[in-house]
Amino acid sequence: MSLKIESLSVHFGRTRILNDVSGLEARPGELTALIGPNGAGKSTLLKSIAGIERSTGHISLDDTALDTLDIAQRAGQIYYLPQDITSRAALSVFEAVLLARRTTHKTDRRQDLKRVQHTLQTLELEQYAERDLGQLSGGQRQRVAIAQAVVREPRVLMLDEPTSALDLHHQLQVLEWLVALAREQQMIIVIAIHDLSLAARFSRHMWLMGAGGKVCAVGAPEQVLTEERLREVYAIRAHVEWPEGEPPRVTPLAATRQLGMQGREQDF
Amino acid sequence: MTVTAPTTDTSIDKYLQRRRRHYWLLAITAVLTLCSLIVDVATGPGQYGLGDIVRAIVSPDDAPRAIAVIVWEIRLPVALMAIMVGMSLASAGAEMQTILNNPLADPFTLGISAAASFGAALAIVLGVSLFPAASELLTTLNAFVMAMVASLLIWLVSRLRGVSVQTMVLMGIALMFFFNATLGILQYVASAESLQQLVFWSLGSLSRASWSKIGIVTAALVVTLPIFFFAGWRLTALRMGDLQARALGVNVGRLRLTVLLCSSLLAATAVAFVGIIGFIGLVGPHIARMLVGEDQRVFLPMSALTGALLMSLTSIVSKTLIPGVLLPVGIITALIGLPFFVSLILKSRREVWG
Ligand SMILES: Nc1ncnc2c1ncn2[C@@H]1O[C@H](COP(=O)(O)OP(=O)(O)O)[C@@H](O)[C@H]1O
Ligand SMILES: [Mg+2]
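This is a predicted model, so every value here is computed, not measured. (Residues numbered from 1 in each chain as written. Chains lettered and ligands numbered in written order. Predicted model: local features only at pLDDT ≥ 70, side-chain atom pairs only at ≥ 80, totals over all residues. Heavy atoms only, no water.)

The next point concerns the overall build of chain A. Scanning chain A for helices and strands turns up nine helices and 13 strands. Projected onto its principal axes, the C-alpha positions of chain A cover 60 × 40 × 40 Å. Sequence-distant contacts in chain A: of pairs separated by 6 or more residues, those separated by 24 or more amount to 62%. Of the accessible surface of chain A, which amounts to about 12,000 Å², a share of 46% is contributed by carbon and sulfur atoms. The averaged location of the 33 negative side-chain charges in chain A is 4 Å from the averaged location of its 31 positive side-chain charges. (Helix = DSSP H or I, 4+ residues; strand = E, 2+ residues; numbered from the N terminus. Contact = heavy atoms within 4.5 Å. Areas by Shrake-Rupley, 256 points an atom, 1.4 Å probe, with all protein chains shown as cover. Lys, Arg positive; Asp, Glu negative; His and termini not counted. Charge placed at Lys NZ, Arg CZ, Asp CG, Glu CD.)

Given below as structure tokens:
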């Protein structure tokens, strides 16, 4: 009962974006955090799992190979929430969320409407239901995108930096809620996220990617997030603490390379 | 925040009210179009009472013979053709804007009308004399083939990475110039008789409408509109952006190609019979978007109806602007549409289109 990835590769022309990614697993009921520096290939990985990016290798869900499904079937099981939400379509928030549900669910209309309303209420978006997408702030639009993802009730959710535009209140709120959602619906949720403290706090499992589309470490946050590894993969000096009874703290102290000093690698 | 929240009916009710409002707007536009159709039939050189006209339409046998003939042989074909062509152009424009993610896309600005008119001209100058019986069909077919060629070109360009809204329109303008130039060559070599027909094409006129032509335009609508309706959710999803549409399970490439070909078919049949009529495909969808938004379930019918109404009104204006003179409708739509087009270009940088 889990999502497994073995020997996954993605090429754009001659460039290799993902290089034989193996040994990744995500289990239902908990959050899996995908972390790594810019350009490591996080978005590419999530897209290839959702079947949006063409890839070679094996991706399986409950031991079923996903490439046996067609686009629509796959989208019914897995949803990918894109990193950049830019649409300013002349649709109301309610219409946009209903659209996300109706593109897979062909259930009774009334039930769909109820589901949409419920999702909007849970994400505290109901007061914007009548607004057009173009009239929302970046953070509000991102929460609408999360509503669009959740309203489909997928088995697997790939969230690409879903909290990047949210204020601190909404970041915590959304992450807490995602943890509860994964637990209650036994959903598999993989979330790409840059804030390592939040990643350590809300996930049970981590995939760390480094430059060149390679996986550097996989495991529990305590095992993955070590100070040596952060220096190696992120080129930062950081302080990692796991205080008793408090959320974990990853404090970035300094970048080990400064801009404008190419070739003169600084070592601290 | 909890996973379950209390359920009241407020946002559902508001959504249902919104939908009812949209249906009312559709109904009102439909009624206005019908009224415009009747006024269009009643307008013309011979002055007849509205009552006579309506009677001639509803039961031609009871109406005076002369009126019935004029209504059924001359005026009704023109008035209905205006409606059908308006629907075709506006539906084509609406879907082209949707799939190319571009508010300036329509058969005219993308050069598809020019391509179709070149195809039609080719048939007239070179081929029709061979099959006089099939001339109408052959002209349409040729217009269609050329429109397809143009739209496939546009499709290929739209697949290149980093092609902006403005580039697409420039590409369309380039196509327009190209096909106008080739049309010019044809005019140069054409006989006096076919030259007259070619001029008719480049100005856009309803005056050659006939029942069989209306039949072909209607057939194109009957074939394509159900395809658009069936793809409604997927087309709306496309407006969320390619990536999100694919995440929602839409086969974006295939949908885009299908819909582009269908839109070209609509544009081609319209152009084959009435010549180049610009801007209806731009203005119709734009008004529809302002009235009902972009949910395809209402956006498509609203665009089609708005296009029909605009075209019908244009037909009336073309008869009444200079009494006794029938102006080509293409000239009127261009005069009204051009300032609109310019304002849309100036606005499109910030509005709905990301
Ligand atoms: N369409 C593309 N064509 C070529 N290279 C791309 C394309 N999209 C992304 N890349 C490259 O692939 C790498 C991984 O990108 P991405 O998966 O977006 O990284 P991340 O999400 O981890 O920041 C980057 O080096 C990026 O430059
Ligand atoms: Mg990314």
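All right, on to the site of ligand 1 then. Near ligand 1 you find 11 residues, and of these Gly-39, Gly-41, Lys-42, Ser-43 and Thr-44 of chain A are the closest. Near ligand 1, residues from chains A and B are present, making the site a shared one. One of the backbone nitrogen or oxygen atoms of Lys-42 of chain A is found 2.8 Å away from an oxygen atom of ligand 1. Sorting elements by how many residues they give to the shell around ligand 1 places helix α1 (residues 42-50) of chain A first, with three residues. Tallied by class, the residues present in the shell around ligand 1 amount to four nonpolar, five polar and two charged. (Near = heavy atom within 4 Å. Polar contact = N/O pair within 3.5 Å; in protein donor to acceptor, adjacent residues only side chain to side chain. Nonpolar A, V, L, I, M, F, W, Y, C, P; charged D, E, K, R; others polar.)

Turning our attention to the packing of aromatic side chains. All chains considered together, the criterion is met by five aromatic pairs over all chains. Between Phe-94 of chain A and Tyr-15 of chain B the ring centres are 4.6 Å apart and the planes differ by 20 degrees, which places this aromatic pair in the stacked class. Separated into two different chains, Phe-94 of chain A in helix α3 (residues 93-102) and Tyr-15 of chain B in helix α1 (residues 10-42) make up a pair that spans both. Given a relative accessible area of 1%, Phe-94 of chain A falls into the buried group. (Phe/Tyr/Trp six-rings, centres within 6.5 Å; stacked < 30°, edge-to-face > 60°. Buried < 20%, exposed > 50% of the residue type's maximum accessible area, 1.4 Å probe, protein only.)

With that settled, consider the coordination of the magnesium ion (ligand 2). Bound to the magnesium ion (ligand 2) are the protein donor atoms Ser-43 of chain A (OG) and Gln-83 of chain A (OE1), situated 2.0 to 2.3 Å from the metal. Here Ser-43 of chain A, found in helix α1, pairs with Gln-83 of chain A, found in the loop between β7 (78-81) and α3; they are 40 residues apart in sequence, far enough to count as distant. (Donors = N, O, S within 2.8 Å, 3.2 Å for Na, K, Ca; no water.)

Residues and elements named next belong to chain B. Considered domain by domain, chain B is made up of domain 1 (108-204 + 233-272) and domain 2 (277-354). Domain 1 and domain 2 are separated by 19 Å when their C-alpha centres are compared. Every contact between the two is made by 10 residues of domain 1 and, on the other side, 17 residues of domain 2. Across the interface of domain 1 and domain 2, roughly 1,100 Å² is buried in total on both sides, 63% from carbon and sulfur atoms. For the pair domain 1 and domain 2, the interface holds one salt bridge. Notably, a salt bridge pairs Glu-294 with Arg-239, separated by 2.8 Å at the nearest N-O pair. Inspection of the domain 1/domain 2 interface yields five residue pairs in polar contact (both at pLDDT 80 or more). Looking at which element gives the most residues to the side of domain 1 that touches domain 2, the answer is helix α9 (residues 232-238), with three residues. Along the lines of polarity and charge, the residues of the side of domain 1 that touches domain 2 split into five nonpolar, four polar and one charged. (Domains from an automatic or database assignment. Buried area = accessible area lost by both parts, 1.4 Å probe. Salt bridge = Lys/Arg side-chain N within 4 Å of Asp/Glu carboxyl O.)

This paragraph deals with the pairing of strand β8 (residues 156-160) of chain A. All names here are of chain A. A large share of β8 lies buried, amounting to five of its five residues. Because side chains alternate across β8, one face comprises the buried residues Val-156, Met-158 and Asp-160, and the other comprises Leu-157 and Leu-159, equally buried. Of the strand pairs in this sheet, β7 and β8 are connected by four bridges, and their pairing is parallel. Bridging across to β8, Ile-78 finds its partner in Val-156. Where β8 lies against strand β9 (residues 188-192), five bridges are found, and the strand directions are parallel. If you follow Val-156 over to β9, its bridge partner there is Ile-188. (Pairing = 2+ DSSP bridges.)

What follows concerns the packing of helix α3 (residues 65-100) of chain B against helix α12 (residues 280-292) of chain B. Residue and element names in this part refer to chain B. Packing of α3 against α12 brings their axes to within 7 Å, and their N-to-C directions diverge by 70 degrees. Here α3 lies roughly perpendicular to α12, going by the angle between them. In this structure, α3 crosses over α12, and the sense of that crossing is right-handed. Across the interface between the two elements, Gly-86, Leu-89, Ala-90, Gly-93, Ala-94 and Gln-97 from α3 touch Ile-280, Gly-281, Leu-282, Pro-285 and Arg-289 from α12. Split by residue class, the contact of α3 with α12 holds six nonpolar, four polar and one charged. (Axes fitted to C-alpha atoms, helices over the stretch in contact; angles between N-to-C directions. Parallel < 35°, antiparallel > 145°, perpendicular 65-115°, else oblique. Left-handed = near helix turned anticlockwise from the far one by under 90°.)

In the structure shown here, the tally under the stated rule is 18 salt bridges over all chains. Asp-52 of chain B is the salt-bridge partner of Arg-55 of chain B, the closest N and O atoms lying 3.6 Å from each other. Placement of the pair is Arg-55 of chain B and Asp-52 of chain B together in helix α2 (residues 50-58), with a separation of three residues, close to one helical turn. For Asp-295 of chain B, the salt bridge goes to Arg-297 of chain B, with nearest N and O atoms at 2.7 Å. Among the ionic contacts, a cluster of salt bridges with common partners joins Arg-101, Arg-102, Asp-112, Arg-115 and Glu-153 of chain A.

To continue, consider the interface of chain A and chain B. Counting from both sides, the interface comprises 46 residues of chain A and, opposite them, 38 residues of chain B. Both sides together, the interface formed by chain A and chain B hides about 3,800 Å², and carbon and sulfur atoms give 62% of it. Measuring nitrogen to oxygen at the nearest pair gives 4.0 Å for the salt bridge that ties Asp-132 of chain A to Arg-18 of chain B. Taken together, chain A and chain B are joined by nine residue pairs in polar contact (both at pLDDT 80 or more). Put simply, the parts of the chain that give the side of chain A that touches chain B at least two residues each are α2 (71-77), β7, α3, α4 (109-122) and α6 (168-185) of chain A. If you tally residues by element for the side of chain A that touches chain B, the top one is α4 of chain A, at eight residues. In the side of chain A that touches chain B, the residues fall into 24 nonpolar, nine polar and 13 charged.

Residue and element names in this part refer to chain A. Strand order in the open sheet formed by six strands is β7-β8-β9-β4-β10-β11, with mixed pairing between adjacent strands. The open sheet has two edge strands with one neighbour each: β7 and β11 (214-219). Here the strands of the sheet are splayed against their neighbours by 15 degrees on average, with no regard to which way each runs. Strands in contact with α6 are β4 (31-35), β8 and β9; relative to β9, the strand with the most contacts, it is inclined by about 155 degrees.

With that settled, consider the nonpolar core. Core analysis: the largest hydrophobic core is formed by 194 residues, its most contacted members being Leu-3 and Leu-45 of chain A. In terms of residue count, α3 of chain B provides more of this core than any other element does, 17 residues in total. When residues of this core are sorted by domain, at least three fall in each of domain 1 (108-204 + 233-272) and domain 2 (277-354) of chain B. Contacts of Leu-3 of chain A, omitting those with residues within four sequence positions, involve Leu-24, Glu-25, Ala-26, Ile-49, Ile-59, Ser-60, Leu-61, Leu-66, Val-156, Met-158 and Ile-188 of chain A. (Core = buried A, V, L, I, M, F, W, Y, C linked by side-chain atoms within 4.5 Å.)

What follows covers the environment of Glu-6 of chain A. Residues and elements named next belong to chain A. By the secondary structure assignment, Glu-6 is in strand β1 (residues 3-12). Spatially, the C-alpha atoms of Glu-6 and Gly-23 are 5.8 Å apart, while their sequence positions differ by 17 residues. In contact with Glu-6, other than residues within four places in its own chain, are Val-21, Ser-22, Gly-23, Gly-57 and His-58.

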